[in-house]
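What follows is the residue order along each chain.
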Amino acid sequence: MGIAKAALLLDPNCGCAQLVLAAVSSPNPNWGSQKSKLEAIDVSKLSAEEKTWHSFLMTSREDRPDVAKSAMAEHPESPLINWLATTPADFNTFKIFAEKFPEQASASYNMMSYAYLRGDYGEPNQEMAMDYVERSQQMHYGPNSYDSMAEHYASIGEYQKALELQLKAVDFAQFGSPYWNFARIYYAKVNQEDISKQLIKNQKEAQDAITANDYETYSKFMHPDINHMTGDSNLSPFYTFNKASFERERVITWKSFELENMDVNYSPDMKTAVLTFYASGSYIFNDTDKEVAYSTRGSSVWVNTDQGWKIMHSSWAPNKNGVGIPE
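Residues numbered from 1 in each chain as written. Predicted model: local features only at pLDDT ≥ 70, side-chain atom pairs only at ≥ 80, totals over all residues. Heavy atoms only, no water.

**A short note on the overall build of the chain**
Scanning the chain from terminus to terminus reveals 15 helices and six strands. In summary, the chain has a C-alpha radius of gyration of 29 Å against a globular reference of 20 Å for 327 residues, an excess of more than 25%. With respect to the three principal axes, the spread of C-alpha positions in the chain is 90 × 45 × 35 Å. Within the chain, the proportion of its 327 residues that are buried is 41%. Considering only residue pairs separated by 6 or more positions, the chain has 48% of its internal contacts joining residues 24 or more positions apart. For the chain, the accessible area works out to roughly 18,800 Å², and carbon and sulfur atoms hold 51% of it. Between the centroid of the 29 positive side chains of the chain and the centroid of its 42 negative side chains there is a distance of 2 Å. (Helix = DSSP H or I, 4+ residues; strand = E, 2+ residues; numbered from the N terminus. Rg over C-alpha atoms; globule rule 2.2 N^0.38 Å. Buried < 20%, exposed > 50% of the residue type's maximum accessible area, 1.4 Å probe, protein only. Contact = heavy atoms within 4.5 Å. Areas by Shrake-Rupley, 256 points an atom, 1.4 Å probe, with all protein chains shown as cover. Lys, Arg positive; Asp, Glu negative; His and termini not counted. Charge placed at Lys NZ, Arg CZ, Asp CG, Glu CD.)

Now the structure itself:
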C-alpha cells in the first residue's frame, strides 16, 4: 500500500498502483471497498497485463481459479499473472511457480515452508520447512519470513526462539505491526509459569476479599466492560457478581477458607485462562452460631485485557459428600 501510494504521488494515473490499492482492499460486498476502487480505474489506459489483473479482481471468488488459468495461457511469462493461480488449496502450485520464476520465488518459498511443516508434501519435515523459509528470507529481507520462522519454532514448542524471531519481525515497524499479536503470545508462552503463579495469587486474593466482604480489594480484578457471571456452591441460578453482591445481608461468617490443588490452563492465544481448584474450610451461621464444614470444587475464567488479567466467570459446586454455602 505504501509503495502504491508513493507511486501515485509521482503519477496520479498510475494504473498498476491503483490496482495494488484495490487488490489489498476487502472484497466483502457488505463492508469492503475493492469493487468501488476497481470501477474507478480507467481500464482503457491499462497495459494488457494490468487489464488481465483488473478482470481477475472483478471476478467472483468462485470463478477466479478458471480466470487465472485463462490468464496464465494469455500471459505465460508474467510472474504476476502466474501468481494469481497459486493457492493454499494446492501447495504444488507454489512449487510450480518457484520453478518457473526462481527470481520471484520468495513468497512461494515461504508458503512451501508451511507445506513441509504441515506435511502437505508427504510426512511433516521441520528441516525442509526451515530451509525454505530461509530461502525466502535470503531473496526478500522483510518481516514476514521472520514471522514464519517464529511460527515454525512455536510449532515444536521452542517459544523462546519463536519470540526472538517474532520481535525481529516487529522491529521492521513497531507501530501498528500485525506481528505484535504473535509476539505477545510467544512472550506469554515463555513466561507461562510466572503468569500462572500470578493468576493463582489473584484468585486467592480475590476470594479472600469476598470472604472478608472487601469490595475495594476485589474491584482490582474487575473490568468495567466485563460482566462477571458466577454460580454459587448452593447450585442456585447463575447471576452477575458486582458491587451489589457485597452489599447484601450476610447470613454466615467465614471461620476459614482455603483454596488448594489449583491448576491453570490457557486458550491457544494465551488471552484466556481457566483456573480449577478445590476449597475447604468452615462457616458459622450468624443467627444460630452453628458451624458447618465447607468442601467444594470450583473454576474461574480470567481474560487478559488492556488493564491486565480480569475475572469473567466463576462456578462452584459441593464435593461428593461435601457442603457448599447455604441458599
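**Some details on the state of the cysteines**
Applying the stated criterion to the full structure yields zero disulfides. In this model cysteine 14 remains outside any disulfide bridge; the closest cysteine sulfur is found in cysteine 16, 5.7 Å from its own. Note on cysteine 16: relative accessible area 33%, which makes it partly exposed. (Disulfide = S-S within 2.5 Å.)

**What about the side chain of asparagine 202?**
For asparagine 202, the position within the fold is in helix α13 (residues 192–211). Setting aside anything within four residues of it in sequence, one finds asparagine 202 in contact with Phe221, Trp302 and Trp309.

**Structural notes on the pairing of strand β5 (residues 291–305)**
By the bridge criterion, 13 bridges tie strand β4 (residues 272–285) to β5 in an arrangement that is antiparallel. For glycine 281, the partnering residue across the bridge sits in β5 and is tyrosine 294. The turn joining β4 and β5, which pair antiparallel and follow one another in sequence, is formed by five residues; a positive phi near 65° is taken by aspartate 289. Here β5 runs beside strand β6 (residues 308–318); their pairing, made up of 10 bridges, is antiparallel. From the neighbouring strand, asparagine 304 faces β6, where its bridge partner is tryptophan 309. The turn joining β5 and β6, which pair antiparallel and follow one another in sequence, is formed by two residues. (Pairing = 2+ DSSP bridges.)

**Let's talk about the sheet that holds β4**
Sheet strands line up and pair through hydrogen bonds in the backbone, either parallel or antiparallel. Taking strand neighbours across the sheet as the criterion, the six strands line up as β2-β1-β6-β5-β4-β3 in an open arrangement whose pairing is mixed. In this open sheet, the two strands that pair with only one neighbour each are β2 (239–240) and β3 (252–266). Note that strand β1 (residues 229–231) and β6 share three bridges and pair parallel. From the neighbouring strand, glycine 231 faces β6, where its bridge partner is serine 315. Across the face of the sheet, α13 comes into contact with β3, β4, β5 and β6 while running at roughly 160° to β3. (Axes fitted to C-alpha atoms, helices over the stretch in contact; angles between N-to-C directions.)

**A few points about the environment of alanine 68**
With respect to the helices and strands, alanine 68 occurs in helix α5 (residues 64–74). Between the alpha carbons of alanine 68 and threonine 296 there is a distance of 62 Å; along the sequence they are 228 residues apart. Apart from residues lying up to four places away in sequence, alanine 68 is in contact with Phe56, Leu84 and Ala85.

**Considering the packing of aromatic side chains**
The full count for this structure, using the stated rule, is 27 aromatic pairs. Taking the centre distance of 5.8 Å and the plane angle of 25° together, the rings of phenylalanine 182 and tyrosine 186 count as stacked. Placement of the pair is phenylalanine 182 and tyrosine 186 together in helix α12 (residues 180–190), with a separation of four residues, close to one helical turn. Pairwise contacts between aromatic rings join Trp254, Phe257, Phe277, Tyr283, Phe285, Tyr294 and Trp316 into one cluster. Its end group placed over the ring of tyrosine 121, lysine 95 keeps NZ or CZ at 4.2 Å from the ring centre. (Phe/Tyr/Trp six-rings, centres within 6.5 Å; stacked < 30°, edge-to-face > 60°. Lys NZ or Arg CZ within 6 Å of the ring centre and 35° of its normal.)

**Some details on the nonpolar core**
Nonpolar side chains in soluble globular proteins tend to be buried together. Grouped together as the largest cluster of nonpolar side chains are 47 residues, with contacts concentrated most on Leu199, Tyr218, Tyr266 and Leu275. Broken down by element, the residue count for this core peaks at seven residues, all from β3. When neighbours within four sequence positions are excluded, tyrosine 266 is seen to be in contact with Gln192, Ile195, Ser196, Leu199, Thr272, Ala273 and Trp309. (Core = buried A, V, L, I, M, F, W, Y, C linked by side-chain atoms within 4.5 Å.)

**What about unusual backbone geometry?**
Of note in this structure, asparagine 213 is not a glycine but carries a positive phi near 55°. Here asparagine 213 shows up in the loop between α13 and α14 (215–218). The phi dihedral of aspartate 289 is positive, around 65°, even though this residue is not glycine. Here aspartate 289 is to be found in the loop between β4 and β5. For aspartate 289, a relative accessible area of 63% corresponds to the exposed category.

**Some details on the packing of helix α7 (residues 92–100) against helix α8 (residues 106–118)**
It is the contact of α7 with α8, at a shortest axis distance of 9 Å, that shows an interaxial angle of 145°. Here the hand of the crossing between α7 and α8 comes out left-handed. Only Ser108, Tyr109, Met111, Met112 and Tyr116 of α8 make contact with α7, whose side of the interface consists of Phe94, Lys95, Phe97 and Ala98. In terms of residue class, the contact of α7 with α8 is made up of seven nonpolar, one polar and one charged. (Left-handed = near helix turned anticlockwise from the far one by under 90°. Nonpolar A, V, L, I, M, F, W, Y, C, P; charged D, E, K, R; others polar.)

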